[in-house]
Amino acid sequence: MAVRQADVVLVGGGVMSATLGMMLRQLDPSLDIVMVERLDHVAHESTDGWNNAGTGHAGYCELNYTPETGDGDVSIDRALKINAQFEVSLQFWSYLVEQGILPEPASFINRTPHQSFVWGEKDVAFLKRRHERLSSHHLFREMEFTESPHDLEAWMPLVINHRDPMQPVAATRIRHGSDVDFGSLTRSMVAYLETQPNFELMLSSPVHYIDQRDNGRWKIRVKNQKTGELTKLETGFVFLGAGGGALPLLQKSGIEEARGYGGFPVSGQWLVCRKPDIVEQHHSKVYGKAPIGAPPMSVPHLDTRIINGEPALLFGPFAGFTTRFLKQGSLFDLFGSVKPTNLRPMLSVSKSNMDLTRYLIGEVFQSHSDRVAALRNFYPDAHEEDWELKMAGQRVQIIKQVEDGGGKLEFGTEIVAAQDGTLAALLGASPGASTAANAMLDVLERCFPEKLKTEQWQARLRELVPSYGRSLVDDEALLTEVRQRTLATLGLR
(Lines give C-alpha, C1' and ligand atoms only; values in the text may rest on other atoms or scores of the structure.)
Protein backbone atom coordinates (compact mmCIF):
# COMPACT_ATOMS: atom_id res chain seq x y z
CA MET A 1 0.00 0.00 0.00
CA ALA A 2 1.40 3.38 -0.99
CA VAL A 3 2.03 5.90 1.75
CA ARG A 4 0.66 9.43 1.31
CA GLN A 5 3.35 11.89 2.44
CA ALA A 6 2.23 15.23 3.94
CA ASP A 7 3.71 18.13 5.84
CA VAL A 8 0.65 18.57 8.07
CA VAL A 9 -2.28 16.31 8.96
CA LEU A 10 -5.31 17.95 10.57
CA VAL A 11 -7.56 15.44 12.34
CA GLY A 12 -11.14 16.71 12.52
CA GLY A 13 -13.06 19.02 10.23
CA GLY A 14 -14.12 21.59 12.82
CA VAL A 15 -13.32 25.24 13.42
CA MET A 16 -9.98 24.56 15.15
CA SER A 17 -8.49 22.45 12.35
CA ALA A 18 -9.89 24.81 9.71
CA THR A 19 -8.38 27.83 11.49
CA LEU A 20 -4.96 26.20 11.81
CA GLY A 21 -5.09 25.03 8.19
CA MET A 22 -5.98 28.54 7.04
CA MET A 23 -3.18 30.13 9.08
CA LEU A 24 -0.60 27.68 7.77
CA ARG A 25 -1.79 28.19 4.19
CA GLN A 26 -1.36 31.97 4.60
CA LEU A 27 2.06 31.60 6.25
CA ASP A 28 3.51 29.03 3.87
CA PRO A 29 1.51 28.15 0.72
CA SER A 30 3.97 25.38 -0.14
CA LEU A 31 2.93 23.19 2.82
CA ASP A 32 1.15 19.97 1.84
CA ILE A 33 -1.87 19.73 4.16
CA VAL A 34 -4.32 16.83 4.60
CA MET A 35 -7.53 17.17 6.64
CA VAL A 36 -9.23 13.95 7.74
CA GLU A 37 -12.82 13.94 9.04
CA ARG A 38 -14.75 10.92 10.37
CA LEU A 39 -18.15 12.20 9.17
CA ASP A 40 -19.25 12.73 5.56
CA HIS A 41 -18.99 16.52 5.76
CA VAL A 42 -17.12 19.08 7.85
CA ALA A 43 -18.32 21.13 10.82
CA HIS A 44 -21.04 18.69 11.81
CA GLU A 45 -20.14 17.95 15.44
CA SER A 46 -19.34 20.65 18.04
CA THR A 47 -18.76 23.30 15.36
CA ASP A 48 -22.23 22.99 13.82
CA GLY A 49 -24.47 25.97 14.55
CA TRP A 50 -27.06 23.90 16.41
CA ASN A 51 -24.42 22.22 18.58
CA ASN A 52 -23.03 25.31 20.34
CA ALA A 53 -24.28 28.61 21.75
CA GLY A 54 -22.97 30.66 18.83
CA THR A 55 -21.98 33.36 21.30
CA GLY A 56 -18.89 35.25 20.30
CA HIS A 57 -17.52 34.60 23.80
CA ALA A 58 -15.98 37.89 24.83
CA GLY A 59 -16.83 37.94 28.54
CA TYR A 60 -19.46 40.63 27.96
CA CYS A 61 -22.45 38.67 29.26
CA GLU A 62 -21.10 35.42 30.72
CA LEU A 63 -21.27 35.88 34.47
CA ASN A 64 -19.25 32.72 35.19
CA TYR A 65 -16.17 34.47 33.75
CA THR A 66 -16.34 37.03 36.57
CA PRO A 67 -16.73 35.12 39.86
CA GLU A 68 -17.29 36.80 43.19
CA THR A 69 -14.27 36.79 45.50
CA GLY A 70 -14.28 35.91 49.17
CA ASP A 71 -14.30 39.57 50.20
CA GLY A 72 -17.35 40.41 48.06
CA ASP A 73 -15.41 41.87 45.13
CA VAL A 74 -15.57 40.60 41.53
CA SER A 75 -12.61 39.04 39.75
CA ILE A 76 -12.34 40.22 36.13
CA ASP A 77 -9.01 38.72 35.06
CA ARG A 78 -10.53 35.80 33.14
CA ALA A 79 -13.02 38.07 31.36
CA LEU A 80 -10.19 40.37 30.25
CA LYS A 81 -8.19 37.40 28.92
CA ILE A 82 -11.12 35.90 27.02
CA ASN A 83 -12.14 39.26 25.59
CA ALA A 84 -8.64 39.84 24.24
CA GLN A 85 -8.60 36.33 22.77
CA PHE A 86 -11.89 36.92 20.95
CA GLU A 87 -10.49 40.15 19.54
CA VAL A 88 -7.74 38.03 17.96
CA SER A 89 -10.40 35.92 16.20
CA LEU A 90 -12.17 39.06 14.99
CA GLN A 91 -8.91 40.37 13.52
CA PHE A 92 -8.22 37.10 11.71
CA TRP A 93 -11.74 36.90 10.29
CA SER A 94 -11.53 40.55 9.23
CA TYR A 95 -8.35 39.82 7.27
CA LEU A 96 -9.98 36.86 5.53
CA VAL A 97 -13.03 38.98 4.63
CA GLU A 98 -10.86 41.82 3.30
CA GLN A 99 -8.92 39.35 1.12
CA GLY A 100 -12.12 37.85 -0.29
CA ILE A 101 -11.30 34.48 1.26
CA LEU A 102 -14.44 34.53 3.39
CA PRO A 103 -17.83 35.59 2.00
CA GLU A 104 -19.94 38.49 3.28
CA PRO A 105 -19.64 38.63 7.09
CA ALA A 106 -23.40 38.31 7.58
CA SER A 107 -23.11 34.73 6.33
CA PHE A 108 -21.33 33.76 9.56
CA ILE A 109 -21.42 36.65 12.06
CA ASN A 110 -24.14 39.13 13.01
CA ARG A 111 -24.31 41.96 15.51
CA THR A 112 -26.30 40.75 18.51
CA PRO A 113 -26.12 42.75 21.75
CA HIS A 114 -24.67 40.80 24.69
CA GLN A 115 -26.67 41.32 27.87
CA SER A 116 -26.56 39.97 31.41
CA PHE A 117 -29.80 39.86 33.37
CA VAL A 118 -30.30 39.12 37.07
CA TRP A 119 -33.06 39.37 39.66
CA GLY A 120 -33.06 39.60 43.45
CA GLU A 121 -31.21 42.15 45.60
CA LYS A 122 -28.06 40.05 46.06
CA ASP A 123 -27.55 39.41 42.35
CA VAL A 124 -28.42 42.99 41.40
CA ALA A 125 -25.68 44.17 43.77
CA PHE A 126 -23.27 41.67 42.20
CA LEU A 127 -24.07 42.81 38.65
CA LYS A 128 -23.65 46.47 39.61
CA ARG A 129 -20.23 45.76 41.11
CA ARG A 130 -19.29 43.67 38.05
CA HIS A 131 -20.19 46.57 35.77
CA GLU A 132 -18.12 48.99 37.85
CA ARG A 133 -15.08 46.74 37.67
CA LEU A 134 -15.36 45.86 33.98
CA SER A 135 -16.38 49.24 32.55
CA SER A 136 -13.33 50.85 34.17
CA HIS A 137 -11.15 48.80 31.79
CA HIS A 138 -10.79 49.85 28.14
CA LEU A 139 -11.83 46.41 26.85
CA PHE A 140 -15.26 46.88 28.44
CA ARG A 141 -15.59 50.67 28.42
CA GLU A 142 -18.80 50.55 26.34
CA MET A 143 -20.68 48.37 28.83
CA GLU A 144 -23.97 49.89 30.04
CA PHE A 145 -25.81 49.12 33.29
CA THR A 146 -29.43 49.73 34.17
CA GLU A 147 -32.08 48.97 36.78
CA SER A 148 -34.65 51.09 34.94
CA PRO A 149 -37.81 49.21 33.84
CA HIS A 150 -38.09 51.63 30.91
CA ASP A 151 -34.56 50.83 29.70
CA LEU A 152 -35.05 47.12 30.23
CA GLU A 153 -38.25 47.09 28.22
CA ALA A 154 -36.34 48.58 25.30
CA TRP A 155 -33.34 46.26 25.74
CA MET A 156 -35.16 42.95 26.22
CA PRO A 157 -38.97 43.21 25.87
CA LEU A 158 -39.68 39.47 26.06
CA VAL A 159 -37.75 39.23 29.31
CA ILE A 160 -39.45 42.19 30.99
CA ASN A 161 -43.07 42.01 29.84
CA HIS A 162 -45.44 40.81 32.60
CA ARG A 163 -42.65 40.40 35.14
CA ASP A 164 -43.41 41.15 38.80
CA PRO A 165 -42.84 44.93 39.07
CA MET A 166 -41.74 44.54 42.71
CA GLN A 167 -38.90 42.17 41.81
CA PRO A 168 -35.48 43.88 41.83
CA VAL A 169 -33.88 43.40 38.40
CA ALA A 170 -30.82 44.72 36.58
CA ALA A 171 -28.97 44.23 33.32
CA THR A 172 -25.80 45.16 31.48
CA ARG A 173 -25.37 45.54 27.74
CA ILE A 174 -22.65 45.68 25.11
CA ARG A 175 -24.18 46.65 21.80
CA HIS A 176 -21.45 45.27 19.53
CA GLY A 177 -21.75 41.68 20.77
CA SER A 178 -22.11 38.99 18.14
CA ASP A 179 -23.83 35.78 17.16
CA VAL A 180 -21.48 33.49 15.24
CA ASP A 181 -22.48 30.58 13.03
CA PHE A 182 -19.27 28.62 13.46
CA GLY A 183 -20.55 25.92 11.12
CA SER A 184 -20.95 28.34 8.21
CA LEU A 185 -17.61 29.98 9.04
CA THR A 186 -15.80 26.66 9.04
CA ARG A 187 -17.43 25.38 5.86
CA SER A 188 -16.39 28.60 4.10
CA MET A 189 -12.79 28.24 5.27
CA VAL A 190 -12.58 24.59 4.20
CA ALA A 191 -14.23 25.38 0.83
CA TYR A 192 -11.49 27.95 0.21
CA LEU A 193 -8.74 25.53 1.26
CA GLU A 194 -10.09 22.97 -1.20
CA THR A 195 -9.46 25.43 -4.05
CA GLN A 196 -5.78 25.68 -3.10
CA PRO A 197 -2.95 23.43 -4.27
CA ASN A 198 -1.37 21.03 -1.77
CA PHE A 199 -4.58 20.56 0.23
CA GLU A 200 -6.65 17.36 0.45
CA LEU A 201 -9.88 16.76 2.38
CA MET A 202 -10.64 13.14 3.27
CA LEU A 203 -14.25 12.65 4.46
CA SER A 204 -15.82 9.60 6.12
CA SER A 205 -12.28 8.72 7.21
CA PRO A 206 -11.77 8.15 10.94
CA VAL A 207 -8.27 7.61 12.27
CA HIS A 208 -7.67 3.98 13.28
CA TYR A 209 -3.96 4.11 14.07
CA ILE A 210 -1.41 6.74 15.02
CA ASP A 211 2.19 6.17 16.01
CA GLN A 212 5.49 8.05 15.88
CA ARG A 213 8.40 6.59 13.92
CA ASP A 214 11.99 6.62 15.15
CA ASN A 215 12.73 9.50 12.77
CA GLY A 216 10.11 11.66 14.52
CA ARG A 217 7.53 11.50 11.73
CA TRP A 218 4.01 10.22 12.41
CA LYS A 219 2.31 7.24 10.80
CA ILE A 220 -1.47 7.54 10.59
CA ARG A 221 -3.93 5.04 9.16
CA VAL A 222 -7.46 6.06 8.17
CA LYS A 223 -10.28 3.95 6.74
CA ASN A 224 -12.94 5.29 4.39
CA GLN A 225 -16.27 4.27 5.93
CA LYS A 226 -18.02 4.21 2.56
CA THR A 227 -15.50 2.37 0.38
CA GLY A 228 -13.56 0.42 3.01
CA GLU A 229 -10.30 1.74 1.54
CA LEU A 230 -7.35 2.07 3.92
CA THR A 231 -4.99 5.01 3.52
CA LYS A 232 -1.59 5.34 5.17
CA LEU A 233 -0.37 8.84 5.88
CA GLU A 234 3.06 9.96 7.00
CA THR A 235 3.59 13.50 8.26
CA GLY A 236 5.92 15.74 10.19
CA PHE A 237 3.12 17.39 12.18
CA VAL A 238 -0.29 16.26 13.47
CA PHE A 239 -3.02 18.41 14.96
CA LEU A 240 -5.81 16.65 16.85
CA GLY A 241 -8.75 19.04 16.56
CA ALA A 242 -11.44 16.39 16.78
CA GLY A 243 -13.56 17.86 19.58
CA GLY A 244 -14.46 15.18 22.09
CA GLY A 245 -12.61 12.69 19.91
CA ALA A 246 -9.27 14.42 20.51
CA LEU A 247 -8.63 12.81 23.92
CA PRO A 248 -8.76 9.15 22.74
CA LEU A 249 -6.50 10.03 19.80
CA LEU A 250 -4.10 11.87 22.11
CA GLN A 251 -3.95 8.76 24.29
CA LYS A 252 -3.26 6.58 21.23
CA SER A 253 -0.36 8.83 20.29
CA GLY A 254 1.52 7.74 23.40
CA ILE A 255 3.22 11.09 23.98
CA GLU A 256 4.39 11.68 27.54
CA GLU A 257 2.45 14.95 27.80
CA ALA A 258 -0.87 13.04 27.52
CA ARG A 259 -0.34 11.23 30.83
CA GLY A 260 -2.90 12.00 33.52
CA TYR A 261 -5.49 13.60 31.23
CA GLY A 262 -9.05 12.32 31.33
CA GLY A 263 -12.43 13.54 30.15
CA PHE A 264 -15.83 14.20 31.69
CA PRO A 265 -18.53 14.19 28.98
CA VAL A 266 -21.53 16.51 29.22
CA SER A 267 -24.41 16.60 26.76
CA GLY A 268 -26.78 19.48 26.13
CA GLN A 269 -30.24 20.36 24.87
CA TRP A 270 -31.91 23.55 23.67
CA LEU A 271 -35.48 24.78 23.69
CA VAL A 272 -35.99 26.26 20.22
CA CYS A 273 -38.63 28.69 18.96
CA ARG A 274 -38.99 29.51 15.27
CA LYS A 275 -42.30 31.41 15.40
CA PRO A 276 -41.63 34.72 13.60
CA ASP A 277 -43.93 36.81 15.83
CA ILE A 278 -41.88 35.74 18.88
CA VAL A 279 -38.43 35.64 17.28
CA GLU A 280 -38.80 39.19 15.97
CA GLN A 281 -39.34 40.58 19.49
CA HIS A 282 -35.94 39.50 20.81
CA HIS A 283 -32.63 40.58 19.34
CA SER A 284 -29.90 39.83 21.87
CA LYS A 285 -28.14 37.20 23.92
CA VAL A 286 -29.35 37.42 27.51
CA TYR A 287 -27.26 35.46 30.04
CA GLY A 288 -28.19 34.81 33.66
CA LYS A 289 -26.51 33.03 36.57
CA ALA A 290 -26.02 29.27 36.60
CA PRO A 291 -28.05 27.22 39.09
CA ILE A 292 -26.11 26.03 42.13
CA GLY A 293 -24.27 22.83 41.25
CA ALA A 294 -24.47 23.39 37.50
CA PRO A 295 -21.33 23.32 35.33
CA PRO A 296 -20.34 26.70 33.83
CA MET A 297 -21.42 25.54 30.37
CA SER A 298 -24.99 25.33 31.74
CA VAL A 299 -25.35 29.06 32.38
CA PRO A 300 -28.93 29.74 31.16
CA HIS A 301 -29.37 32.17 28.29
CA LEU A 302 -32.06 33.28 25.85
CA ASP A 303 -30.41 33.82 22.48
CA THR A 304 -31.05 35.25 19.10
CA ARG A 305 -29.52 32.80 16.62
CA ILE A 306 -29.00 33.00 12.88
CA ILE A 307 -28.00 29.54 11.65
CA ASN A 308 -27.58 28.91 7.93
CA GLY A 309 -29.30 32.27 7.42
CA GLU A 310 -32.43 31.34 9.39
CA PRO A 311 -33.36 33.25 12.60
CA ALA A 312 -34.52 31.43 15.73
CA LEU A 313 -34.57 31.77 19.51
CA LEU A 314 -32.74 29.27 21.70
CA PHE A 315 -32.97 28.83 25.44
CA GLY A 316 -30.74 26.62 27.53
CA PRO A 317 -28.54 24.75 27.51
CA PHE A 318 -30.06 21.99 29.60
CA ALA A 319 -27.17 19.75 30.57
CA GLY A 320 -27.24 16.00 30.65
CA PHE A 321 -25.02 13.04 31.45
CA THR A 322 -23.74 10.72 28.76
CA THR A 323 -20.80 8.40 28.23
CA ARG A 324 -20.34 9.53 24.60
CA PHE A 325 -17.48 11.86 23.72
CA LEU A 326 -19.11 12.89 20.43
CA LYS A 327 -22.73 13.42 19.46
CA GLN A 328 -22.28 10.65 16.91
CA GLY A 329 -19.94 8.72 19.17
CA SER A 330 -20.09 5.47 21.12
CA LEU A 331 -21.59 4.77 24.55
CA PHE A 332 -18.22 3.16 25.35
CA ASP A 333 -16.18 6.35 24.76
CA LEU A 334 -15.85 7.23 28.44
CA PHE A 335 -14.93 3.70 29.53
CA GLY A 336 -12.43 3.35 26.71
CA SER A 337 -10.68 6.55 27.82
CA VAL A 338 -9.85 5.16 31.28
CA LYS A 339 -6.16 4.21 31.33
CA PRO A 340 -3.68 3.30 34.08
CA THR A 341 -2.15 6.78 33.67
CA ASN A 342 -5.41 8.65 34.36
CA LEU A 343 -7.35 6.21 36.56
CA ARG A 344 -6.52 7.94 39.84
CA PRO A 345 -7.31 11.47 38.60
CA MET A 346 -10.63 10.29 37.12
CA LEU A 347 -11.64 8.43 40.30
CA SER A 348 -10.68 11.50 42.34
CA VAL A 349 -12.87 13.76 40.21
CA SER A 350 -15.76 11.28 40.28
CA LYS A 351 -15.66 11.21 44.07
CA SER A 352 -15.41 14.98 44.52
CA ASN A 353 -18.06 15.86 41.92
CA MET A 354 -21.00 13.67 42.95
CA ASP A 355 -23.22 16.76 43.26
CA LEU A 356 -22.43 17.65 39.65
CA THR A 357 -23.22 14.11 38.49
CA ARG A 358 -26.54 14.12 40.34
CA TYR A 359 -27.36 17.51 38.80
CA LEU A 360 -26.64 16.27 35.28
CA ILE A 361 -28.71 13.11 35.72
CA GLY A 362 -31.55 15.21 37.13
CA GLU A 363 -31.41 17.41 34.03
CA VAL A 364 -31.85 14.33 31.82
CA PHE A 365 -35.16 13.43 33.47
CA GLN A 366 -36.73 16.88 33.25
CA SER A 367 -40.06 17.08 31.45
CA HIS A 368 -40.92 19.60 28.74
CA SER A 369 -43.00 21.46 31.33
CA ASP A 370 -40.00 21.62 33.69
CA ARG A 371 -37.82 23.11 30.98
CA VAL A 372 -40.41 25.70 29.97
CA ALA A 373 -40.79 26.61 33.65
CA ALA A 374 -37.06 27.41 33.70
CA LEU A 375 -37.50 29.43 30.51
CA ARG A 376 -40.19 31.56 32.21
CA ASN A 377 -37.49 32.99 34.51
CA PHE A 378 -36.29 34.74 31.33
CA TYR A 379 -39.51 34.91 29.31
CA PRO A 380 -42.55 35.06 31.63
CA ASP A 381 -45.09 34.67 28.78
CA ALA A 382 -43.52 31.50 27.32
CA HIS A 383 -45.99 28.82 26.14
CA GLU A 384 -45.02 25.17 25.91
CA GLU A 385 -46.44 24.71 22.42
CA ASP A 386 -44.16 27.43 20.98
CA TRP A 387 -40.94 25.60 21.89
CA GLU A 388 -39.40 22.31 20.82
CA LEU A 389 -36.46 20.38 22.25
CA LYS A 390 -33.31 20.01 20.14
CA MET A 391 -30.10 18.17 21.01
CA ALA A 392 -26.97 20.28 21.31
CA GLY A 393 -23.41 19.05 20.90
CA GLN A 394 -21.24 16.98 23.21
CA ARG A 395 -18.59 18.57 25.40
CA VAL A 396 -15.76 16.77 27.14
CA GLN A 397 -14.49 18.73 30.12
CA ILE A 398 -10.82 18.24 30.96
CA ILE A 399 -9.79 16.10 33.91
CA LYS A 400 -6.23 17.03 34.77
CA GLN A 401 -3.80 15.38 37.16
CA VAL A 402 -2.66 17.54 40.09
CA GLU A 403 0.53 17.35 42.15
CA ASP A 404 -0.73 14.78 44.66
CA GLY A 405 -1.74 12.42 41.85
CA GLY A 406 -5.43 13.18 42.16
CA GLY A 407 -7.51 15.02 39.58
CA LYS A 408 -9.18 18.34 38.96
CA LEU A 409 -12.11 19.07 36.66
CA GLU A 410 -11.18 21.98 34.41
CA PHE A 411 -13.71 24.20 32.64
CA GLY A 412 -11.99 25.72 29.64
CA THR A 413 -9.85 25.02 26.61
CA GLU A 414 -6.27 23.71 26.66
CA ILE A 415 -3.57 22.86 24.14
CA VAL A 416 -1.49 19.76 24.85
CA ALA A 417 1.67 19.59 22.72
CA ALA A 418 4.48 17.07 22.41
CA GLN A 419 7.87 18.32 23.57
CA ASP A 420 9.33 17.86 20.09
CA GLY A 421 6.53 19.97 18.56
CA THR A 422 5.40 17.28 16.14
CA LEU A 423 1.90 16.83 17.61
CA ALA A 424 -0.65 19.05 19.33
CA ALA A 425 -4.19 18.46 20.55
CA LEU A 426 -6.97 20.74 21.70
CA LEU A 427 -8.98 19.58 24.71
CA GLY A 428 -11.90 21.07 26.62
CA ALA A 429 -14.90 23.25 25.90
CA SER A 430 -16.07 26.85 26.41
CA PRO A 431 -14.96 29.43 25.30
CA GLY A 432 -13.70 27.06 22.62
CA ALA A 433 -14.52 28.14 19.08
CA SER A 434 -14.59 31.85 19.91
CA THR A 435 -10.89 31.76 20.76
CA ALA A 436 -9.86 29.51 17.85
CA ALA A 437 -7.48 32.02 16.29
CA ASN A 438 -5.69 32.68 19.57
CA ALA A 439 -5.49 28.95 20.35
CA MET A 440 -4.00 28.19 16.96
CA LEU A 441 -1.41 30.95 17.40
CA ASP A 442 -0.44 29.07 20.56
CA VAL A 443 -0.06 25.89 18.49
CA LEU A 444 2.18 27.73 16.00
CA GLU A 445 4.37 29.12 18.78
CA ARG A 446 4.80 25.72 20.43
CA CYS A 447 5.12 23.55 17.32
CA PHE A 448 6.74 25.80 14.68
CA PRO A 449 9.15 27.87 16.82
CA GLU A 450 11.98 28.04 14.27
CA LYS A 451 9.73 29.24 11.44
CA LEU A 452 8.16 31.77 13.79
CA LYS A 453 11.57 33.32 14.33
CA THR A 454 11.84 34.22 10.65
CA GLU A 455 10.99 37.73 9.55
CA GLN A 456 8.72 36.31 6.84
CA TRP A 457 6.42 34.54 9.32
CA GLN A 458 6.54 37.44 11.78
CA ALA A 459 5.49 39.91 9.08
CA ARG A 460 2.73 37.64 7.78
CA LEU A 461 1.33 37.06 11.26
CA ARG A 462 1.11 40.81 11.83
CA GLU A 463 -0.92 41.02 8.60
CA LEU A 464 -3.25 38.24 9.73
CA VAL A 465 -3.54 39.54 13.30
CA PRO A 466 -2.25 43.13 13.64
CA SER A 467 -2.07 42.91 17.44
CA TYR A 468 0.17 39.81 17.31
CA GLY A 469 2.96 40.00 19.88
CA ARG A 470 1.33 42.85 21.80
CA SER A 471 -1.18 42.97 24.66
CA LEU A 472 -4.71 44.22 24.07
CA VAL A 473 -5.27 44.03 27.83
CA ASP A 474 -2.48 46.52 28.50
CA ASP A 475 -2.51 48.71 25.37
CA GLU A 476 -5.64 50.86 25.10
CA ALA A 477 -4.55 52.63 21.90
CA LEU A 478 -3.93 49.30 20.20
CA LEU A 479 -7.35 48.00 21.26
CA THR A 480 -9.04 51.12 19.91
CA GLU A 481 -7.26 50.75 16.58
CA VAL A 482 -8.02 47.07 16.00
CA ARG A 483 -11.58 47.23 17.30
CA GLN A 484 -12.51 50.11 15.00
CA ARG A 485 -11.34 48.01 12.06
CA THR A 486 -12.97 44.73 13.05
CA LEU A 487 -16.34 46.19 13.99
CA ALA A 488 -16.49 48.02 10.65
CA THR A 489 -15.24 45.11 8.53
CA LEU A 490 -17.53 42.53 10.14
CA GLY A 491 -20.62 44.74 10.33
CA LEU A 492 -20.74 44.79 14.13
CA ARG A 493 -20.65 48.53 14.72
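Refer to the structure above for everything that follows.
Being a predicted model, the structure only gives us computed values, none of them experimental.

Section: the pairing of strand E18 (residues 407-410)
By the alternation rule, side chains of E18 split into Gly407 and Leu409, which are all buried, and Lys408 and Glu410, of which none is buried. The sheet contact formed by strand E17 (residues 395-401) and E18 spans four bridges and is antiparallel. If you follow Ile398 over to E18, its bridge partner there is Glu410. Between E17 and E18, which pair antiparallel and follow one another directly, the connecting turn spans five residues, one of which, Gly405, has a positive phi of 95 degrees.

Focus on the nonpolar core
Grouped together as the largest cluster of nonpolar side chains are 83 residues, with contacts concentrated most on Trp93, Phe239, Met440 and Leu444. Among the elements that take part in this core, helix H2 (residues 77-98) stands out by supplying twelve residues, more than any other. In contact with Leu444, not counting residues within four places along its chain, are Leu20, Met23, Leu24, Leu27, Pro449, Leu452, Trp457 and Leu461. In terms of nonpolar packing, the next biggest core, distinct from the first, is built from 41 residues, Ile210, Phe264, Leu360 and Ile398 among them.

Re a nonpolar patch on the surface
On the surface, Phe321, Ile361, Val364 and Phe365 cluster together into a nonpolar patch covering about 370 Å² of accessible area. Note on Phe365: relative accessible area 67%, which makes it exposed.

Some details on the environment of Leu96
Mapping Leu96 onto the fold places it in helix H2. Under the relative-accessibility criterion, Leu96 is labelled buried at 0%. Considered as a pair, Leu96 and Met22 are 74 residues apart in the sequence and their alpha carbons are 9.4 Å apart. Apart from the residues lying within four places of it in its own chain, the contact partners of Leu96 are Met22, Ile101, Leu102 and Met189.

Section: helix H15 (residues 455-464)
Among the residues of H15, Trp457, Arg460, Leu461 and Leu464 are the ones counted as buried. One side of H15 carries all its buried residues, which in axial view fall inside an arc of 100 degrees. Check the buried side of H15 and you find it contacts helix H1 (15-27), H2, helix H13 (436-447) and helix H14 (449-452).

Brief notes about the packing of aromatic side chains
The tally for this structure, following the rule as stated, stands at eleven aromatic pairs. Ring geometry for Phe448 versus Trp457: centroids 6.0 Å apart, planes at 35 degrees, classification tilted. Classification of Phe448 as buried rests on a relative accessible area of 12%. When the ring centre of Tyr209 is taken as reference, the NZ or CZ atom of Arg221 above it lies at 4.7 Å. Between the NZ or CZ atom of Lys390 and the centre of the ring of Trp50, over which it lies, the distance is 5.1 Å.

A word on empty space enclosed by the protein
In the structure shown here, the tally under the stated rule is one cavity of 30 Å³ or more. Lining the largest cavity are Gly56, Tyr60, Phe86, Glu87, Leu90, His114, His176, Gly177, Ser178, Arg483, Leu487 and Leu492. Only H2 and helix H16 (476-489) provide two or more residues apiece to the lining of the largest cavity. With three residues, H2 is the largest single contributor of residues to the lining of the largest cavity. Class assignment of the residues belonging to the lining of the largest cavity gives a composition of five nonpolar, five polar and two charged.

Points about the pattern of salt bridges
Per the stated rule, a full pass over the model turns up 28 salt bridges. One salt bridge in this structure joins Glu68 and Lys289, with 3.7 Å as the shortest N-O distance. Here Glu68 is found in the loop between strand E2 (33-36) and H2, whereas its partner Lys289 is found in the loop between strand E13 (285-287) and strand E14 (301-307), with 221 residues between them in sequence. The exposure class assigned to Glu68 is partly exposed, which follows from its relative accessible area of 39%. Overall, the relative accessible area of 30% leaves Lys289 in the partly exposed class. Between Glu388 and Arg274 there is a salt bridge whose closest N-O contact spans 2.3 Å. Taken together, the residues span a long stretch of sequence, with Glu388 in strand E16 (residues 388-391) and Arg274 in the loop between strand E12 (262-273) and helix H8 (276-279) at a distance of 114 residues. For Arg274, a relative accessible area of 41% corresponds to the partly exposed category. Within this structure, Glu68, Lys122, Asp123 and Lys289 form a network of salt bridges that share partners.

Digging into the layout of surface pockets
By volume, the second largest pocket is sized at about 680 Å³. Considering the residues around the second largest pocket, the lining is formed by 31 residues, among which Lys81, Gln85, Thr413, Thr435 and Asn438 are closest to the centre. Of all the secondary-structure elements, those providing two or more residues to the lining of the second largest pocket are H2, E18, strand E19 (413-417) and H13.

Here we look at the side chain of Gln397
Inspection of the secondary structure puts Gln397 in strand E17. There is a polar contact of 3.5 Å between the side chain of Gln397 and the backbone oxygen of Glu410.

Considering the environment of Thr413
With respect to the helices, strands and loops of the structure, Thr413 is situated in strand E19. For Thr413 and Ala433, which are 20 residues apart along the polypeptide, the C-alpha to C-alpha distance reads 9.4 Å. Not counting residues within four places of it along the chain, the set of residues in contact with Thr413 comprises Leu426, Leu427, Gly428, Ala429, Ser430, Pro431 and Gly432. Only 3.2 Å separates the side chain of Thr413 from the backbone nitrogen of Gly432, close enough to count as a polar contact.

Conventions we followed
- Going along each chain's sequence as written, the residues are numbered from 1 onward.
- At least 70 in pLDDT is required for a residue's local features to be given in this predicted model, at least 80 for side-chain atom pairs to be given and counted, and no such filter applies to totals for whole chains, interfaces and linings, which use all residues.
- Calculated side-chain values reflect all of the structure's heavy atoms, with hydrogen atoms and water omitted.
- The classification of residues rests on relative accessible area computed with a 1.4 Å probe and restricted to protein chains. Under 20% of the type maximum is buried, over 50% is exposed, and intermediate values are partly exposed.
- By definition, any uninterrupted DSSP run of H or I lasting at least four residues is a helix, any uninterrupted run of E lasting at least two residues is a strand, and each is numbered from the N terminus.
- By the convention used here, strands pair only if DSSP detects at least 2 bridges between them.
- Residues grouped as a nonpolar core are buried Ala, Val, Leu, Ile, Met, Phe, Trp, Tyr and Cys residues, joined through side-chain atoms within 4.5 Å.
- It only takes one pair of heavy atoms within 4.5 Å for two residues to be counted as in contact.
- Think of a patch as exposed residues, more than 30% relative accessible area, with no salt bridge, where like charges cluster within 9 Å and nonpolar side chains (Val, Leu, Ile, Met, Phe, Trp, Tyr) cluster within 5 Å.
- The Shrake-Rupley method, run with a 1.4 Å probe, gives the accessible areas here. Residue values count only the displayed protein chains as cover.
- Only one rule defines a salt bridge in this text: a Lys or Arg side-chain nitrogen within 4 Å of an Asp or Glu carboxyl oxygen.
- In this description, one arc is meant: the one made by directions from the helix axis to the C-beta atoms.
- Two rings from Phe, Tyr or Trp (for Trp, the six-membered ring) form a pair when their centres are within 6.5 Å of each other. A pair whose planes differ by under 30 degrees is stacked, one over 60 is edge-to-face, and the rest are tilted.
- Here, a charge over a ring means that NZ of Lys or CZ of Arg falls within 6 Å of the ring centre while also lying within 35 degrees of the ring normal.
- With a 1 Å grid laid over protein atoms only, a set of points is called a cavity when a 1.4 Å probe fits there but cannot get out and a pocket when it is open yet has protein on both sides within 12 Å along at least five of seven lines; lining residues have an atom within 4 Å of a point.
- Grid points are joined across faces, edges and corners, and a volume is the space filled by probe spheres set on the points.
- Gly falls in the polar group here, along with every residue not listed as nonpolar (Ala, Val, Leu, Ile, Met, Phe, Trp, Tyr, Cys, Pro) or charged (Asp, Glu, Lys, Arg).
- N or O atoms within 3.5 Å of each other form a polar contact, as long as, within protein, one can give a hydrogen and the other can take it, and as long as residues adjacent in sequence are counted only when both atoms are side-chain atoms.

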